[in-house]
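Coordinates in review
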Amino acid sequence: MLLVLAHSICLYSQSSPEELLSAKDYFLLGAAKYKCNACERSIDDFDQAIKLESDYGDAYYGRSLAYLCLRKYNKAMIDIKQATRCNPEEVLFRELQGRIRSFYGDRRGAIDDFKKALDMDSLCWQAWYGLAKENYTLVKLDESLDSYNEAIRLNPDFTLAIIGKGRLLIDLGNYPAALALLARARELEPYYAIPYAYSSLAYLKLGDYLEAVEMADSALKYNSELKMLYFYLGEAYFAQEQYIEADFNYAKALKKNKKNSQAWYKRGKTQELMGILKSAKKFYSKAIQKDPTDADFYISRAELLMKMEKTKAAHSDYSKAILLDKENVGLYIQRGFLRIQLEYTARAIQDFQFAINKNPFIGEAWLGFGDATYQNDQFRVACNHWKRAVDLGSNEAGYKLKKFCND
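In this text the structure is predicted, and so the values were computed from the model without any measurement. (Residues numbered from 1 in each chain as written. Predicted model: local features only at pLDDT ≥ 70, side-chain atom pairs only at ≥ 80, totals over all residues. Heavy atoms only, no water.)

Comments concerning helix 21 (residues 345–358)
With 14 residues, helix 21 should reach 20 Å at 1.5 Å per residue; the first-to-last C-alpha distance of 20 Å fits that figure. Residues Thr345, Ala348, Ile349, Asp351, Phe352, Ala355 and Ile356 constitute the buried set of helix 21. Across the axial projection of helix 21, the buried residues extend over an arc of 160 degrees, all falling on one side. Residues of helix 21 that are exposed and point over 90 degrees away from its buried face: Ala346, Gln350 and Asn357. (Helix = DSSP H or I, 4+ residues; strand = E, 2+ residues; numbered from the N terminus. Expected span 1.5 Å × (residues − 1). Buried < 20%, exposed > 50% of the residue type's maximum accessible area, 1.4 Å probe, protein only. Arc of directions from axis to C-beta.)

Observations concerning the packing of helix 6 (residues 91–104) against helix 7 (residues 107–120)
Across the interface, helix 6 lies against helix 7 with an axial gap of 8 Å and an inter-helix angle of 165 degrees. Judged on the interaxial angle alone, helix 7 and helix 6 are roughly antiparallel. The handedness of the crossing between helix 6 and helix 7 is left-handed. Facing Val91, Arg94, Glu95, Gln97, Gly98, Arg99, Arg101 and Ser102 of helix 6, the residues of helix 7 in contact are Arg107, Gly109, Ala110, Asp113, Phe114, Lys116, Ala117 and Met120. (Axes fitted to C-alpha atoms, helices over the stretch in contact; angles between N-to-C directions. Parallel < 35°, antiparallel > 145°, perpendicular 65-115°, else oblique. Left-handed = near helix turned anticlockwise from the far one by under 90°. Contact = heavy atoms within 4.5 Å.)

Focus on the nonpolar core
Soluble globular proteins tend to bury their nonpolar side chains together. With 110 residues, the main nonpolar core has Tyr61, Ile80, Ile170 and Leu229 as its most contacted residues. The element best represented in this core is helix 12 (residues 193–206), accounting for nine residues. Grouped together as the second largest cluster of nonpolar side chains are 20 residues, Val329, Ala355, Trp366 and Ala389 included. (Core = buried A, V, L, I, M, F, W, Y, C linked by side-chain atoms within 4.5 Å.)

Regarding the state of the cysteines
For the structure on display, the rule yields two disulfides. The side chain of cysteine 39 participates in a disulfide bridge whose partner is cysteine 69; the two sulfur atoms lie 2.1 Å from each other. Looking down the S-S bond of the cysteine 39 and cysteine 69 bridge, the torsion is 80 degrees, so its handedness is right-handed. Of this pair, cysteine 39 sits in helix 3 (residues 39–52) while cysteine 69 sits in helix 4 (residues 57–69), and the two are 30 residues apart along the sequence. Among the residues examined, cysteine 39 registers a relative accessible area of 3% and is labelled buried. Since its relative accessible area comes to 39%, cysteine 69 is described here as partly exposed. One disulfide bridge connects cysteine 383 with cysteine 405, the sulfur atoms lying 1.8 Å from each other. When the S-S torsion is -90 degrees, as for the bridge of cysteine 383 with cysteine 405, the disulfide is left-handed. Taken together, the residues span a long stretch of sequence, with cysteine 383 in helix 23 (residues 379–391) and cysteine 405 in the segment after helix 24 (395–404) at a distance of 22 residues. Classification of cysteine 383 by relative accessible area gives buried; the value is 10%. (Disulfide = S-S within 2.5 Å.)

So, the packing of aromatic side chains
Across all of its chains, the model carries 22 aromatic pairs by this definition. With 4.9 Å between their ring centres and 65 degrees between their planes, tyrosine 129 and phenylalanine 158 make a pair best called edge-to-face. Of this pair, tyrosine 129 sits in helix 8 (residues 125–137) while phenylalanine 158 is found in the loop between helix 9 (141–154) and helix 10 (159–171), placing the two residues 29 residues apart along the sequence. Looking at tyrosine 129, the relative accessible area reads 15%, which means it is buried. Judged by its relative accessible area of 12%, phenylalanine 158 falls in the buried class. Aromatic pair tryptophan 386 and phenylalanine 404: ring centres 5.9 Å apart, planes at 35 degrees, arrangement tilted. Taken as a pair, tryptophan 386 in helix 23 and phenylalanine 404 in helix 24 lie far apart in primary sequence, 18 residues in all. An aromatic cluster of at least three residues, connected via ring pairs, comprises Trp125, Tyr129, Tyr148 and Phe158. When the ring centre of tyrosine 196 is taken as reference, the NZ or CZ atom of arginine 186 above it lies at 5.6 Å. Just above the ring of tyrosine 344 sits the side chain of arginine 347; from NZ or CZ to the centre is 4.3 Å. (Phe/Tyr/Trp six-rings, centres within 6.5 Å; stacked < 30°, edge-to-face > 60°. Lys NZ or Arg CZ within 6 Å of the ring centre and 35° of its normal.)

Some words on helix 10
One turn of the α-helix equals 3.6 residues, which is why residues spaced by three or four share an orientation. For helix 10, spanning 13 residues, the distance from its first C-alpha to its last is 19 Å, which sits close to the expected 18 Å at 1.5 Å a residue. When helix 10 is considered as a whole, its buried residues turn out to be Thr159, Ala161, Ile162, Ile163, Gly164, Lys165, Gly166, Arg167, Leu168, Leu169 and Ile170. Contact partners of the buried residues in helix 10: helix 8, helix 9, helix 11 (175–188) and helix 12. Backbone geometry just downstream of helix 10 places glycine 173 in the positive-phi region, at approximately 85 degrees.

Comments concerning the pattern of salt bridges
In the structure shown here, the tally under the stated rule is 22 salt bridges. One salt bridge in this structure joins aspartate 106 and arginine 101, with 3.6 Å as the shortest N-O distance. Two residues, glutamate 187 and arginine 184, come together in a salt bridge whose shortest N-O distance is 3.7 Å. Of this pair, glutamate 187 and arginine 184 are both found in helix 11, three residues apart, which corresponds to roughly one turn of the helix. A residue is classified by how much of its surface remains accessible, and glutamate 187, at 59% relative accessible area, is exposed. Overall, arginine 184 belongs to the partly exposed group, its relative accessible area being 31%. Here the salt bridges do not stand alone but share partners, grouping Arg94, Arg101, Asp106 and Asp113 into one network. (Salt bridge = Lys/Arg side-chain N within 4 Å of Asp/Glu carboxyl O.)

And the structure:
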């Protein structure tokens, strides 16, 4: 509504005396400035329109949009509420209120507003789009998909909805369908970076790393500030074992966003694979600092510390990983072997017992159980455990049986 009216910019003439301009004239002038992204300047005209007509709902709506453009969310909310009071039946007022609630982080309130807008007019594709975005954020993917479908049905060329559905399909693992939608978005907006960026992610998931790199490069051509793109490039090069290029792009991703724990982590991986162990440790530690809830970060640092022969520090990291992933049998087995090295024999036995109780068919667990009980001078018990490990396919247990259990 506002953008259509904005085309009336020609109504304004510098030679017109200010006092001859009507509220509608000021509104149209503000709308034209808003359309030209002159949000700050548009507010003055919406102010004048409201001074002339205090119940001018469209002017409050326009000023709310301008405040939203300037990220002045409190003022935007005050104005859209006033616009709704002036005209409670205007569906776009309710839809904008939902959008502003979304910027506040009030997901439930935003969803309520979008649903109210749709109760007023089920053909409001903007409200369907807003509902889709909120449900996606709340990880209600099926509901989000339904809403994206409605938005696109009502407005088949609505690029943002097409991109949103494409991103959702990536999360659902339907990469070919996602790529088809994103290709459509690129046709509609050939200079918009986001569909290229998500296409890069989809190709990355499909294992087509060359296409992933090409799409990421295209996205960067249109918007070099996109934080995710350098990370996607890093992932594509990493998968191709081009670790220098991967590390370079992870580093650029971190220049854009130092809070990206995954980029710190992958820098650690690339540095480790290139044999630069001290740097790898530093980057793993940075990843943990940014996100101390990811068990993989502690596991990777523990494995690195083992290479560096820092066994006590590695033991600490394995223990932290277990606290975050208590059902991961493999972690107990790894820590159990490490505890044998540290001569924490009783605690090693506990780890292997836990692993075997969880899954009695893992040869490595029986092998470790045998090693720990042998270290504890329980020789016959150890031999029985090694026999069980042999039955489950452990060659190392077979060697120990021959060496230590000849009787």
